[in-house]
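# Working through the structure, step by step
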Amino acid sequence: AAISQGAMVFMMIPTPIAMVACGFSADTASDVVRWHIVAMFAPSFFTGFLIKRFGAQTIATLGLIIIVASAVAASLGITAMHFYGSLIVLGLGWNFGFIGATTMLDAAVTEDEKAAVQGANDTIIALVSTVCAIAAGLVVSSLAWAALAIMSACLVLAALAVLAVDRFSLARALASNASERLNQMTYVAACGRRPPISRSATRAATKSAMIHPLETATPIPSQTPQTSKPRTAMNTQMKNATPKPWR
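The following paragraphs examine the structure supplied in this document. Keep in mind that what you see is a predicted model, and the values were worked out from it rather than measured.

## Description of the packing of helix H6 (residues 80–108) against helix H7 (residues 114–142)
The description of two packed helices rests on the angle between their axes and on the distance between the axes. Running from N to C, H6 and H7 point in directions that differ by 150°, and their axes come no closer than 11 Å. Viewed along their axes, H6 and H7 adopt a mutual orientation that is roughly antiparallel. Our pair here, H6 against H7, has a crossing hand that is right-handed. Contacts from Phe98, Thr102, Leu105 and Asp106 in H6 reach Lys114, Val117, Gln118, Asn121 and Ile125 in H7. Tallied by class, residues from the contact of H6 with H7 come to 4 nonpolar, 3 polar and 2 charged.

See below:
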């Protein structure tokens, strides 16, 4: 969420300055920012449905990829079409990245932790936005608009690398969980009772449900009641024997 907010601020704040320096009027620059803001909040009508369908991490990753695409588009030229297109795409990427990331944060903490974690998250986002706003003015005045766009892309690519590592570790945990589940099913079939569930399997199943809410886990077969052992011939003979009277 902080990366999405920081990259958006880093590119949006100096846009009017860069456009005026390139010869555009203030009205054109304000119109670009207007459509950028529309692209930031208009997708919110369906972003929640996309998160419910594809998962929060998938939407957050898609948002970061869109931000990288907007930075690349901004670095390719300084025409009105480049400014309009890059800022509109930037707004869409911010929407997916920010909402997807905050949804992941909400699902990763307990009810008792939500207030403190949400406050810390908002503080980090505000600090990152402040630093990026100050740095954006320095970069666009000392270097160029294209350099600012390239720096934005590099910042978001670093966040994508972190998400890729996290997804890889999740895939390994799910593979381990599937192996443990197969072992549990084999144990149930052989011994007739459920084995104890390991902590790693529980953590992997919880993380999978958070990222892929529509994916249901494969149930473990119900516990099979243990049948009693057959009576031996000696037990049957002792049961049917007639007691002898006392002498």
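## Considerations on a nonpolar patch on the surface
There is a patch of nonpolar side chains on the surface, built from Trp35, Val38 and Ile88 and spanning about 260 Å² of accessible area. Checked against the element boundaries, Val38 lands in helix H3 (residues 26–41). In this structure Val38 comes out as partly exposed when scored by relative accessible area, which is 39%.

## With respect to the pattern of salt bridges
With the rule as written, the count across this model stands at 3 salt bridges. As a salt-bridge pair, Asp106 and Lys114 come within 3.3 Å of each other at their nearest N and O atoms. Looking at Lys114, the relative accessible area reads 23%, which means it is partly exposed. Within the structure, one salt-bridge network assembled from shared partners comprises Asp106, Glu111 and Lys114.

## Quick look at the packing of aromatic side chains
Taken as a whole and assessed by the stated rule, the structure comprises 4 aromatic pairs. Considering the side-chain rings of Phe24 and Phe83, the 5.9 Å spacing of their centres and the 80° angle between planes classify their relative orientation as edge-to-face. Separated by 59 residues along the polypeptide, Phe24 in the loop between helix H2 (15–21) and H3 and Phe83 in helix H6 bring together distant segments of the chain. On the basis of relative accessibility, which here comes to 1%, the residue Phe83 falls in the buried class. Ring centres 5.2 Å apart and planes at 20° place the aromatic pair Trp94 and Phe98 in the stacked group. One end of the pair, Trp94, and the other, Phe98, are both in helix H6, 4 residues apart, so they sit about a helical turn from each other. In this structure Trp94 comes out as buried when scored by relative accessible area, which is 8%. Within the aromatic cluster, the residues linked to one another by ring pairs are Phe24, Phe83 and Trp145. Looking at Arg53, its charged tip hangs above the ring of Phe54, at a distance of 5.1 Å from the centre.

## Quick word on the environment of Ile125
Within the secondary structure, Ile125 sits in helix H7. Judged by its relative accessible area of 9%, Ile125 falls in the buried class. Linking Ile125 and Ile3, residues 122 residues apart in sequence, is a C-alpha distance of 8.2 Å. Leave out the neighbours within four places in its chain, and Ile125 touches Ala1, Ala2, Gln5 and Phe98.

## Some details on the side chain of Thr47
Here Thr47 lies in helix H4 (residues 44–54). Of note is the side chain of Thr47, whose polar atom sits 2.7 Å from the backbone oxygen of Pro43.

## Overview of H3
The end-to-end C-alpha distance of H3 is 23 Å, a good match for the 22 Å that 16 residues give at a rise of 1.5 Å each. Its buried side turned inward, H3 meets helix H1 (2–12), H2, H4 and H6.

## Observations concerning the packing of H4 against helix H5 (residues 56–75)
Two numbers describe how H4 lies on H5: the axes approach to 7 Å, and their chain directions differ by 120°. The orientation of H4 with respect to H5, classified from their angle, is oblique. Counting all contacts with H4, which are made through Thr47, Leu50, Ile51 and Phe54, the residues of H5 involved are Ala56, Thr58 and Ile59. Residues belonging to the contact of H4 with H5 are distributed by class as follows: 5 nonpolar, 2 polar and no charged.

## A word on the nonpolar core
Grouped together as the largest cluster of nonpolar side chains are 32 residues, with contacts concentrated most on Met8, Leu64 and Leu148. Listed by contribution, the elements that provide at least two residues to this core are H1, H2, H3, H5, H6, H7 and helix H8 (145–191). Per-element accounting of this core gives the leading share, 8 residues, to H8. In this structure, Met8 is in contact with His36, Met40, Leu90 and Trp94, ignoring residues within four places of it in sequence. If you look at the next biggest cluster of nonpolar residues, it comprises 7 residues, including Ile51, Ala56, Ile59 and Met104.

Thresholds, definitions, all that
- Residues numbered from 1 in each chain as written.
- Predicted model: local features only at pLDDT ≥ 70, side-chain atom pairs only at ≥ 80, totals over all residues.
- Heavy atoms only, no water.
- Axes fitted to C-alpha atoms, helices over the stretch in contact; angles between N-to-C directions.
- Helix = DSSP H or I, 4+ residues; strand = E, 2+ residues; numbered from the N terminus.
- Parallel < 35°, antiparallel > 145°, perpendicular 65-115°, else oblique.
- Left-handed = near helix turned anticlockwise from the far one by under 90°.
- Contact = heavy atoms within 4.5 Å.
- Nonpolar A, V, L, I, M, F, W, Y, C, P; charged D, E, K, R; others polar.
- Patch = residues over 30% accessible without salt bridge, like charges linked within 9 Å, V, L, I, M, F, W, Y side chains within 5 Å.
- Areas by Shrake-Rupley, 256 points an atom, 1.4 Å probe, with all protein chains shown as cover.
- Salt bridge = Lys/Arg side-chain N within 4 Å of Asp/Glu carboxyl O.
- Buried < 20%, exposed > 50% of the residue type's maximum accessible area, 1.4 Å probe, protein only.
- Phe/Tyr/Trp six-rings, centres within 6.5 Å; stacked < 30°, edge-to-face > 60°.
- Lys NZ or Arg CZ within 6 Å of the ring centre and 35° of its normal.
- Polar contact = N/O pair within 3.5 Å; in protein donor to acceptor, adjacent residues only side chain to side chain.
- Expected span 1.5 Å × (residues − 1).
- Core = buried A, V, L, I, M, F, W, Y, C linked by side-chain atoms within 4.5 Å.

Structural measurements only, silent on function.
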